[in-house]
Amino acid sequence: MITPKILQGTRDFLPRDMAKRDFVMNQIKSVFVRFGYDTVETPAIEYAETLLGKYGDEGSKLIYRFHDNGGRDIALRYDQTVPFARLVAMNWQELPMPFKRYQISKVWRADRPAKGRYREFTQCDIDIIGTQNLLAEAEIAKVMAEVFQALGFKNVAIKFNSRRLMNSVLERLNIPREIQTIVLRTLDKLDKVGLEAVQNELNGVMEPAVATRLLTFLDSRGNNEEKIERLQTFDVQEIREFLEKSRLFGIPEGVLEFDPCLARGLDYYTGIIFEAFLKDVAIGAVCAGGRFDDLCGLFSEESFSGVGVAFGFDRLVVGMEQLELLKAVSLNAQVLVTYFDENTLPKALATLNELQRANINTEMYFEPTPLNKQFKYAAKKEIPFVLIVGPDEVKRDEVTIKVMKTGKQKTIPANQAASYLTGYTS
Amino acid sequence: MIRIAIQSKGRLSDASIEFLRSRGLKFEPNGRSLVTPCANRDVEILWLRSGDIPEYVNRGVADFGIAGANVLAEKGMELEGAEKMDFGFCKLVIAVPGDSGIHSVRDLEGERIATSYPIILSRYLQAQGIRAAIIPLRGSVEIAPRLNLADAICDLVQTGKTLSDNHLKPLVTILESQAILIKNQYVIPAKAGIFSELFPNQIPTSVGMTQKL
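Cut-offs applied
- Residues numbered from 1 in each chain as written.
- Chains lettered and ligands numbered in written order.
- Predicted model: local features only at pLDDT ≥ 70, side-chain atom pairs only at ≥ 80, totals over all residues.
- Helix = DSSP H or I, 4+ residues; strand = E, 2+ residues; numbered from the N terminus.
- Buried ≥ 20, exposed ≤ 12 C-beta atoms within 10 Å, placed from the backbone.
- Contact = placed C-beta atoms within 7 Å.
- Pairing = 2+ DSSP bridges.
- Domains from an automatic or database assignment.
- Nonpolar A, V, L, I, M, F, W, Y, C, P; charged D, E, K, R; others polar.
- Axes fitted to C-alpha atoms, helices over the stretch in contact; angles between N-to-C directions.
- Parallel < 35°, antiparallel > 145°, perpendicular 65-115°, else oblique.
- Left-handed = near helix turned anticlockwise from the far one by under 90°.
- Core = buried A, V, L, I, M, F, W, Y, C linked by C-beta atoms within 7 Å.

A short note on the overall build of chain B
Here comes step 1: The secondary structure content of chain B amounts to six helices and 11 strands.
Here comes step 2: Projected onto its principal axes, the C-alpha coordinates of chain B cover approximately 60 × 45 × 25 Å.
Here comes step 3: Counting only residues that meet the buried cut, chain B has 38% of its 213 residues in that class.
Here comes step 4: Expressed as a percentage of contacts within chain B between residues at least 6 apart in sequence, the contacts between residues at least 24 apart total 62%.

Regarding the overall build of chain A
Here comes step 1: The secondary structure content of chain A amounts to 17 helices and 16 strands.
Here comes step 2: Once the C-alpha set of chain A is aligned to its principal axes, its extents read approximately 90 × 55 × 45 Å.
Here comes step 3: Counting only residues that meet the buried cut, chain A has 34% of its 426 residues in that class.

Brief notes about the pairing of strand β5 (residues 99–108) of chain A
Residues and elements named next belong to chain A.
Here comes step 1: In the sheet, strand β1 (residues 38–39) pairs with β5 via two bridges, with the strands oriented parallel. Counterpart to Thr-39 in the pairing with β5 is Tyr-102.
Here comes step 2: Both β5 and strand β6 (residues 120–129) contribute to a ladder of 10 bridges, which runs antiparallel. Note that in β6 the partner of Tyr-102 across the bridge is Ile-126.

What about the domain arrangement of chain B?
Residues and elements named next belong to chain B.
Here comes step 1: Domain annotation of chain B identifies domain 1 (2–87 + 178–207) and domain 2 (90–177).
Here comes step 2: Between the C-alpha centres of domain 1 and domain 2 there is a distance of 29 Å.
Here comes step 3: Every contact between the two is made by eight residues of domain 1 and, on the other side, eight residues of domain 2.
Here comes step 4: Sort the elements by how many residues they give to the side of domain 1 that touches domain 2 and helix α3 (residues 69–74) lands first, with four residues.
Here comes step 5: For the side of domain 1 that touches domain 2, the per-class residue count stands at two nonpolar, four polar and two charged.

Considering the pairing of strand β4 (residues 73–76) of chain A
The side chains of a regular strand alternate between both faces of the sheet.
Residue and element names in this part refer to chain A.
Here comes step 1: Here strand β2 (residues 45–47) pairs with β4 via three bridges, running antiparallel. Looking at the pairing, Ile-45 lines up with Leu-76 of β4.
Here comes step 2: Bridge count for strand β3 (residues 65–67) against β4 is three bridges, and the pairing is antiparallel. Paired with Phe-66 across the strands is Ile-74, a residue of β4.
Here comes step 3: The antiparallel hairpin formed by β3 and β4 contains five residues in its connecting segment, where Gly-71 sits at a positive phi of about 80 degrees.

Concerning unusual backbone geometry
Here comes step 1: Geometrically, the link from Met-97 of chain A to Pro-98 of chain A is a cis peptide bond, its omega value of -10 degrees lying close to zero.
Here comes step 2: With respect to the helices, strands and loops of the structure, Pro-98 of chain A is situated in the loop between α4 (81–91) and β5.
Here comes step 3: Even without being a glycine, Asp-397 of chain A presents a positive backbone phi close to 55 degrees.
Here comes step 4: As for its placement among the helices and strands, Asp-397 of chain A is situated in the loop between α16 (391–396) and β15 (398–403).
Here comes step 5: Given 10 C-beta atoms within 10 Å, Asp-397 of chain A falls into the exposed group.
Here comes step 6: Positioned with a positive phi, His-167 of chain B is a non-glycine residue whose angle comes to about 55 degrees.

Things to note about the packing of helix α9 (residues 195–203) of chain A against helix α10 (residues 208–217) of chain A
Residues and elements named next belong to chain A.
Here comes step 1: Axis separation between α9 and α10 bottoms out at 9 Å; the angle between their running directions is 140 degrees. Between α9 and α10, the angle is such that the two are oblique. The two elements α9 and α10 meet at a crossing, and its hand is right-handed. Each of Leu-195, Gln-199, Leu-202 and Asn-203 in α9 lies in contact with α10, whose residues at this interface are Pro-208, Ala-211, Leu-214 and Leu-215.
Here comes step 2: Counted by class, the contact of α9 with α10 contains six nonpolar, two polar and no charged residues.

Structural notes on the packing of helix α1 (residues 15–34) of chain A against helix α5 (residues 134–151) of chain A
Residues and elements named next belong to chain A.
Here comes step 1: At a closest axis distance of 9 Å, the pairing of α1 and α5 adopts a crossing angle of 145 degrees. The two elements α1 and α5 meet at a crossing, and its hand is right-handed. Packed against α1, whose contacting residues are Val-24, Gln-27, Ile-28, Ser-30, Val-31 and Phe-32, the element α5 presents Val-143, Glu-146, Val-147, Ala-150 and Leu-151 at the interface.
Here comes step 2: Residue classes in the contact of α1 with α5 are distributed as eight nonpolar, two polar and one charged.

Looking at the sheet that holds strand β7 (residues 133–136) of chain B
All names here are of chain B.
Here comes step 1: Strands sit in the order β7-β6-β8-β5-β9 across an open sheet of five strands; the sheet is mixed. Sheet topology places β7 and β9 (168–177) at the edges, where each strand pairs with a single neighbour. Strand-to-strand, the axes of this sheet are offset by a mean angle of 25 degrees, without reference to chain direction.
Here comes step 2: Relative to β7, helix α4 (residues 118–128) is tilted by about 170 degrees, and along the sheet it contacts β5 (90–97), β6 (112–115), β7, β8 (152–157) and β9.

Observations regarding the nonpolar core
Here comes step 1: With 82 residues, the main nonpolar core has Ile-140, Ala-141, Met-144, Ile-158, Ala-276 and Phe-311 of chain A as its most contacted residues.
Here comes step 2: Take this core: its biggest share by element is 11 residues, from α5 of chain A.
Here comes step 3: Once you skip the residues sitting within four places of it in the chain, Ala-141 of chain A turns out to touch Ile-158, Ser-246, Ile-251, Leu-256 and Phe-274 of chain A.
Here comes step 4: Judged by nonpolar contacts, the second largest core, of 75 residues, contains Val-399 of chain A together with Ile-2, Val-57 and Ala-95 of chain B.

As structure tokens, then:
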């Protein structure tokens, strides 16, 4: 016998977990769909060369890579962006341009598992490619706001910045290219470590006077307008236009926070960048992304500029658990029809058919066992109603509905079962 | 020109017509036409089913309207602090057959309640922490218990005669209603001016579906 076990950093999800995850997933999808996003799917396995070298040195080490039975060099999907770029490069002539899609699938990383870090997890992306118009950025921001609202989060911040703006600040201060990446990473930590620590760290790589000037420009105190004011001598048109288009989209005031220090780790962003947070749950960014100039550069002569974000699906689920937004999620069966004996079975199944026709999720117990056992089954499956179809009920053409939560039983004409259950208040 | 929507025939129509005429508006009684212009003022009367009045005003097809608080509440319109007019009094009550075993609101747990006001009723039940099966009916709610379609009803009561005719007794009043003057929330100042000149003592309540996000 083999001791049953699963790889560290992977998870089994039992029905209760899956009900919650499906609920969250469907809420998110419904927002994407409302904005007209279609979806695509790519294989879980790709040629290793497709994925290698796209995620920086650190990232490449974390790619699951192996040789298959035919000796091919294979890699597991590491994120959804690179396979998407490959898909676009292969199919762009078939696709409408601008092209937008959502994509939700599992990805794999050969990482050391830790709390909240998995080897197999779900990513949830939207991207718009083939347009440079900031309306695309504004739509992405609006989709984020709508997703958070659909999930029930009231207190969110969608932070944004412009890589272009940041670069022009760095250039004005003559900060050499070699250290720009370090500088951006340092600035990105401002929220976490505070001004003094950032200043100290910057002093290590540049003149303290320059560091001070840099931090004066990028001061993130005050409201959006005040922050833009401080950067007035730079080209802030992109920021203003993005904010205006977002306003026209109806993104609530105060949700969008201009953060001049926001940098995002990845190097390929070129314009507006995003990072969104739940203010009531300390789990880091729950959605992030931005504008990239050339999605398919390594796969195609064609160049596609685009903007997109990835939602941290697992973090959103954790956040909703913590804020008790998933309490009302129920398992699938709403009604259990009891199995009394072979004589009552025809009526029981007829009732089941009728309830299912009324779109009420209904199942039948599989054995003619004592009712108590059938009630226990219903309780364990969290089924709210049990429909008792016994000999007395059949004789009078009635059914007895037991409400599991209250234990109360109600006998009504059999043909009213569907309307009773449909009208039952929550 | 302003447009005022009132009920074409029903509980509120006579009183609504009387109200408009009491401020000097001259117009023909409701014939077959949906719209009647006033002879003496730049006002049009829109004759509608009571349930449609909130929607017409909400969408700005009518600038003003007279509707029952019960109808507005059923449409989910926020009307806190709305000034009430002096007519159209009625109550929304839950009633049960005279020989019913239901003696208190608690006893409604799990029972069937027939009503034309499912929204108001479900809010009430929720507030009371009671779960019951709401059986939505368009009309003739009072006969539902006799037909074993419901164990209780939730219906509008003016005199109580319909209830007693059907051997029903009131259990609890869940809404006291009267006529309310409403206006479209975006009505332009010029129209609001015409209205307040005609009806100086009336403050209409703005209606609008609560805008989400």
